[in-house]
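# Notes for the structure review
Residues per chain are reported as follows:
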Amino acid sequence: MANVTVLGAGAWGTAFGQVLADAGNKVTMWAIEPEIVDAINTLHQNPVRLPIVEKLPENMTATGDRRKAVAEVDVIIVTIAAQFARQALEEFKGLIPDQAVVVSLMKGIERSTDKRMDQVVMEALDLPADRFACLSGPNLSKEIALKQPAAAVVASSKEEVATRVAAIVSTEYFKILTSNDVIGVEMCGSLKNVVALAVGMSRGAGYGENTAAMIETRGMAELTALGVAAGAKAQTFFGLAGVGDLIATCGSPLSRNYTFGANLGKGMSVDEATKVSNGVAEGVPTTAAVVALGKKYGVETPLASAMLRVLNEGISCDQMLGEIFAEGIVAE
Ligand SMILES: NC(=O)C1=CN([C@@H]2O[C@H](COP(=O)(O)OP(=O)(O)OC[C@H]3O[C@@H](n4cnc5c(N)ncnc54)[C@H](OP(=O)(O)O)[C@@H]3O)[C@@H](O)[C@H]2O)C=CC1
Ligand SMILES: O=C(CO)COP(=O)(O)O
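Residues numbered from 1 in each chain as written. Chains lettered and ligands numbered in written order. Predicted model: local features only at pLDDT ≥ 70, side-chain atom pairs only at ≥ 80, totals over all residues. Heavy atoms only, no water.

Going by an unreviewed UniProt entry, the protein chain carries the name Glycerol-3-phosphate dehydrogenase [NAD(P)+] and comes from Parascardovia denticolens DSM 10105 = JCM 12538. We quote the UniProt Subcellular location (unreviewed entry) comment for the protein chain here in full: "Cytoplasm". Per UniProt, the protein chain has the following entry under Sequence similarities (unreviewed entry): "Belongs to the NAD-dependent glycerol-3-phosphate dehydrogenase family." (UniProt positions renumbered as here; feature names shortened; annotations may be inferred.)

## Notes on the pattern of salt bridges
Throughout the structure, instances matching the rule amount to 13 salt bridges. The residue Arg86 makes a salt bridge to Glu110 at a minimum N-O spacing of 2.8 Å. Here Arg86, found in helix H4 (residues 82-90), pairs with Glu110, found in strand S6 (residues 109-110); they are 24 residues apart in sequence, far enough to count as distant. Like Glu110, Arg86 is buried. The residue Glu123 makes a salt bridge to Arg86 at a minimum N-O spacing of 2.9 Å. Of this pair, Glu123 sits in helix H5 (residues 117-125) while Arg86 is found in helix H4, placing the two residues 37 residues apart along the sequence. The exposure class assigned to Arg86 is buried, which follows from its relative accessible area of 17%. Within this structure, Arg86, Glu110, Lys115 and Glu123 form a network of salt bridges that share partners. (Salt bridge = Lys/Arg side-chain N within 4 Å of Asp/Glu carboxyl O. Helix = DSSP H or I, 4+ residues; strand = E, 2+ residues; numbered from the N terminus. Buried < 20%, exposed > 50% of the residue type's maximum accessible area, 1.4 Å probe, protein only.)

## A few points about the packing of aromatic side chains
Applying the stated criterion across every chain, the model contains three aromatic pairs. Their ring planes at 85° and their centres at 6.0 Å tell us that Phe16 and Phe174 sit as a pair that is edge-to-face. Remark: Phe174 occurs in strand S10 (residues 174-179) and Phe16 occurs in helix H1 (residues 11-22); sequence separation between them is 158 residues. As far as burial versus exposure is concerned, Phe16 and Phe174 are alike and both buried. Judged by centre distance (5.0 Å) and plane angle (90°), the ring pair of Trp30 and Phe92 falls under edge-to-face. Here Phe92 lies in the loop between H4 and strand S5 (101-104) and Trp30 lies in strand S2 (residues 26-30), a separation of 62 residues in the sequence. Since its relative accessible area comes to 0%, Phe92 is described here as buried. An aromatic cluster of three or more residues is present, and its members are Trp12, Phe16 and Phe174. The ring of Phe92 carries Arg66 above its face, with NZ or CZ at 5.9 Å from the centroid. (Phe/Tyr/Trp six-rings, centres within 6.5 Å; stacked < 30°, edge-to-face > 60°. Lys NZ or Arg CZ within 6 Å of the ring centre and 35° of its normal.)

## Here's the deal with the nonpolar core
Counting residues in hydrophobic clusters, the biggest one holds 75 residues, and the most contacted among them are Leu7, Met307 and Met320. When residues of this core are assigned to their parent elements, the largest contribution, 12 residues, is made by helix H8 (residues 182-204). For Met307, the contacting residues outside a window of four places in its chain are Val194, Leu197, Ala198, Leu264, Thr287 and Met320. (Core = buried A, V, L, I, M, F, W, Y, C linked by side-chain atoms within 4.5 Å. Contact = heavy atoms within 4.5 Å.)

In structure tokens:
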């Protein structure tokens, strides 16, 4: 058992807080909004972000006070929308106990710097790599909130940290595999969201399994090539955090990225799809970062580049598909 604080009581933060509480930990949720803090403390609910859970565990409380949130904590979990993570975490700099481990659950690339969340978290908190881990996998929050069986990968450059985090977060319904490939696990989680936008768009436009499979296959090749160029291990992309999460996210209307894409495919503008999105669709800002990373590492990113044209210029689903599968692409 450990003292664990979750920064960000969004849909995933709250569902994950429940996992941690079910695993026997003392869980504190930190949220900015007083109504979320009050609802967790008094009603044991998060009606704003995770109304599907009628009663959150008794061993989960909440606070809006940064100092109190992280005092005497063993593990800090970060689940803040990626584009706001740096700014939010800088407010915690200097407050975190020396021995505490920080675990990122976020799946995005910072648009202003094209950095992964491991880089952002360590920079913002001035945290050494041996106190950092990331957790990623096919983890649609509503399914986990309902305690359906699921699994994720925890990666850290220090094996003991990955093992310790795995022990703290494992429950009957939530299984953990460990890895030392932080870059790979980060790249898998962030990049699959761009693929989910494209698959969602094709579904929204009325296309079926064949079209989805061709986009997913191209997406796997693209995210593996870019990840490897960034320093990841290729095998990570063929595991739970890679193809596993790609299947879950590209196959479910519970995914905000898939749904965002589907709404574009049905004819909504980016602004309209943003307004109706039920939480953050990380793939939207991450798409431009993926294109920029492709240029940086000399890796072609036809899928992300076509999705960027959808987002910036409003090209159609058929144009997007035409650009992904332009002439000259080889199969291996
Ligand atoms: N939902 C899912 O199924 C999964 C999500 N993830 C990843 O987890 C991360 C969070 O997702 P999720 O919880 O679902 O998203 P939500 O949209 O439900 O919540 C976003 C969270 O970010 C917080 N936030 C936004 N802006 C700020 C800010 N300026 N300062 C502090 N906090 C801020 C929100 O706080 P507030 O409520 O106060 O606005 C909220 O806690 C994302 O990177 C996502 O990709 C990973 C696996 C599964
Ligand atoms: O990452 C996820 C599932 O693993 C959640 O996907 P969305 O952020 O698209 O909802």
